Amino acid sequence: MVNEAGETKQSMNASRRTFLKATGATTTATALGTGTASAASEDSRADCEVDALLADLTLEQKVGQMTQVDVGTFDPESEEIPDEFGVETLGEYFSELGLGSILSGGASPPTFDAQETVEGINALQEYNLENSEHGIPFLWGVDALHGNTLLAGSTSFPQRINMGATRDVDLIEEAEHHTSDATAAMGAHWTFAPTTDLQRDPRWGRFFEGISEDPMLQGEVSKARVRGLESNDRLCSTVKHFAAYSIPENGNDRAHARTSMRDLRTSVLPPYRTALEAEPATVMVNSGALNGKPAHASEWLLTQMLRERYGFEGVVISDYDDFYRMLTNHDYTDSFRRAVKEGLNAGIDVYMIGNGGEAPGPAKFIETTVSLVEDGELSEERIDESVRRVLELKEELGLFEEPTVDESKISSVLGGGREESERLARESMVLLKNEDALPLEGSENVLLTGPGYDPDLDIENRFLMRYGAWTLGWQGIEEGAPTEGGPRPRGETVHDAMADALDGGLTHVPTDFRAQPYNPDTSDDNGDFALTDEQEAEVREAAGSADAVVVVLGEGPHNEDFGDRDELELDPAQRKLVAAIEEETPETPVIGLVLAGSPRGGAETFDALDAVLFAGQPGSDGGRAIAETLLGENNPSGKLAFNWPESVGKVPNNYDAYPPLADSSLAEPHEPLYAFGHGLSYTEFEYSDVSVSPGSVSNPANTSTVTVGVGVENVGDEAGEHIVEVYNTQSYGSVLQPDRRLVGSERVALDAGESTTVEVEADLSRLEVVPGDVPGILPKVLESGEYELSVGELTTALTVENAASITDDRPAIGYDADREDGESSYSDLVKVLRGLGR
């Protein structure tokens, strides 16, 4: 959601003075001093009724409330913004156009300094209140996606790919409480999270933003994140990107998704539905297209399903410039006017607009929408619906009563949430492989090598791989070109954490890594990785005297279409590094440390390693978590939340796909390199006595969960945490059933030799199918029959006596049962649907 051209951000070092100059708010802020509204204006706004205010707005002013513009990347040294905006200063967005909201897209506020940001946004709000006709506070939206990672000194929680590995829904919600407080204290009102898109295709540049490829896990974590992000009354969340954004048929961002109605309703839509149970304030729409229709123009998706079927009552916002993308990206129309008309009629309430380039700006959007209403192509009642939702959101957030924030709070909140960040980082460590190489004893002489030095900038930059994107910049810290002493989240590097933890010696030989987020053609790894002759010689020499080698592997920071990839293997320079170490010291344990937002690395490289630790992008406390895991102070317990394919040639490779994965007599098995749920430990756990209660369910509509009990014993020598997962592994019905479906999980901590009984709540809605023939439009149902439930190798059986719908007892049709639609009736259509079900 930033300027697609990827220009260097010149605003990162903006001072408060230049920020206020750019906003046109210097005089107002100076006069008011504290940046708080006068008592009289506060009283008048508090007494304001939304309907009365709506009735007082002109049509142009109403559409202004539906308009959001990116201000996060403007040049603070210039008072000018592009001519197509029709205004000369940022403040005039409000005084001239009456905009309802702004955003700082790409985790890039006008300055990364916390105090300057909160003072500047307060001053801009004051300018808006004093200079717009109705004094309606604006909403400020930001991308606080894994913590408030817009400000220097902030806590960067592990990326979403790590969150899924923990299976710790409660801990994730606790972490988002801090995100909520830190983001609200900054003066923001809106964060564009959680991403609720299934993590199905690792070619997709936003794979790291997904929680899991499993619909139940994705939905439950997203619901918890909504609760956490909206725990502060001044902040709202956004479930995105509705719907099917993450399954583009070509693996590219914002591309077309081709899927069946059965798959859409069984797997793709359910996570959004689950997240919506937490009643988020807003929903963002898929930038791509679905089955031949741009999502932004789909009335079925945005009105019939989102609002009428799922009961969503909040604000629906477009993604960045996505009306215009109907022209440039989807080639759906050559008319911006038609795009606006179809998008607003489909159900969009707020249009998010960039801050430059060829896309029409806010003035053009307002002018076009007004013209559509005046020409009878768009009803003013439809406009009123959207504006009312926007005004109600502002009222719910308390902006009419308190439009600005206390500028003294940000310093005490920023950088907090350390306990949650540390626990998430530790719990997200996934040990993929271990041939007695880990844990280290701590007294070894260790060589740490691998990507981590930019020769052009003359700076160690491995932290870019640890934090990933949406961290003090869209494509990562300072857009992948960090300056010495520049803005950083708080945190400790892998090198420093290991140096502190080791009693023996640590030799560090970083190899070349230049982040290349805007040049994906340079390297498919979003980085220019190199191993110079001098570095190879130094690595070989150090490896010869080392007791163990830790080699960093992975990819550079990336985001959206710039992160799309055509391969999953590691960069040739990294593979060459591993081969050199193996050749030089074949008897020395070599541990691969993977820092990546996707499943990077294949069997050829991993076979040459004695252990592989997938650390993902673990954020502020990732360095310490990695060191603790390597030394055994943290017993790894993370489990993959996606299949790790052997190669891109075996993508898609989903764990819950329909059988057969391959005909073993004709082709190689389509098995992943590491399967969903894989994750080793330094100890061993054994299961016993699995059972399910109740063992029989008469009506699943009334009994949608059952309890699976299993004995768990730590039979190893180390204390550890373990994730007990329950799968449905065998069932039959009217349509194909996946070989494996996760229905529940529970985390347990056990000392060596300790045992306990773990009870896991199993969600039966995960077993619902769309029955009937190929069209897949009948109501979802849990069919009667016997369902095998498995924990490890142990199984038990659940009997479902009668078929019933748990989540959706209506067919996916073109109109709702409660609506009359001309000559055809619902009962007439049911007869047709029953015929399809034969």
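Residues numbered from 1 in each chain as written. Predicted model: local features only at pLDDT ≥ 70, side-chain atom pairs only at ≥ 80, totals over all residues. Heavy atoms only, no water.

Once that is clear, we can look at the nonpolar core. Grouped together as the largest cluster of nonpolar side chains are 83 residues, with contacts concentrated most on Phe 242, Leu 269 and Phe 323. When neighbours within four sequence positions are excluded, Phe 242 is seen to be in contact with Leu 269, Tyr 272, Val 283, Met 284, Val 285, Asn 286, Ala 295, Leu 301, Leu 302, Leu 306 and Tyr 310. One finds Val 494, Ala 573, Leu 595 and Leu 613 within the second-largest nonpolar core, a separate group that totals 39 residues. (Core = buried A, V, L, I, M, F, W, Y, C linked by side-chain atoms within 4.5 Å. Buried < 20%, exposed > 50% of the residue type's maximum accessible area, 1.4 Å probe, protein only. Contact = heavy atoms within 4.5 Å.)

Here the focus is the packing of helix α9 (residues 169–185) against helix α10 (residues 215–229). As a packed pair, α9 and α10 sit with axes 7 Å apart at the nearest point and diverge in direction by 30 degrees. When the interaxial angle is binned, α9 and α10 end up roughly parallel. Here α9 and α10 pass one another in a crossing that is right-handed. Residue-level inspection shows Val 169, Ile 172, Glu 173, Glu 176, His 177, Thr 179 and Ser 180 of α9 in contact with α10, the latter providing Glu 220, Val 221, Ala 224, Arg 225, Arg 227, Gly 228 and Leu 229. Tallied by class, residues from the contact of α9 with α10 come to five nonpolar, four polar and five charged. (Axes fitted to C-alpha atoms, helices over the stretch in contact; angles between N-to-C directions. Helix = DSSP H or I, 4+ residues; strand = E, 2+ residues; numbered from the N terminus. Parallel < 35°, antiparallel > 145°, perpendicular 65-115°, else oblique. Left-handed = near helix turned anticlockwise from the far one by under 90°. Nonpolar A, V, L, I, M, F, W, Y, C, P; charged D, E, K, R; others polar.)

Averaged over all residues, the pLDDT of the protein chain is 90; the fraction at 70 or higher stands at 87%. Note on residues 1–47: pLDDT under 50 across the span, and 106 contacts to partners over four residues away in sequence or across chains. Contacts for the low-pLDDT stretch residues 815–824, under 50 throughout, to residues beyond four places or in other chains number 13 contacts. (pLDDT = per-residue confidence, 0-100.)

Let's shift gears to unusual backbone geometry. In this model, Phe 242 is joined to Ala 243 through a cis peptide bond whose omega is -5 degrees. With respect to the helices, strands and loops of the structure, Ala 243 is situated in the loop between β5 (238–242) and β6 (256–257). Residue Pro 652 is bonded to the preceding Val 651 through a cis peptide linkage, with omega at 0 degrees. Looking at where Pro 652 falls in the secondary structure, it is placed in the loop between α25 (622–630) and β20 (685–693).

On to the pairing of strand β7 (residues 282–285), then. Alternating positions in β7 separate into two faces, Thr 282 and Met 284 on one and Val 283 and Val 285 on the other, with burial throughout. With three bridges connecting them, β5 and β7 associate as parallel partners. If you follow Phe 242 over to β7, its bridge partner there is Val 285. The pairing of β7 with strand β10 (residues 315–317) spans three bridges and is parallel. In the strand pairing of β10, Met 284 is matched with Ile 317. (Pairing = 2+ DSSP bridges.)

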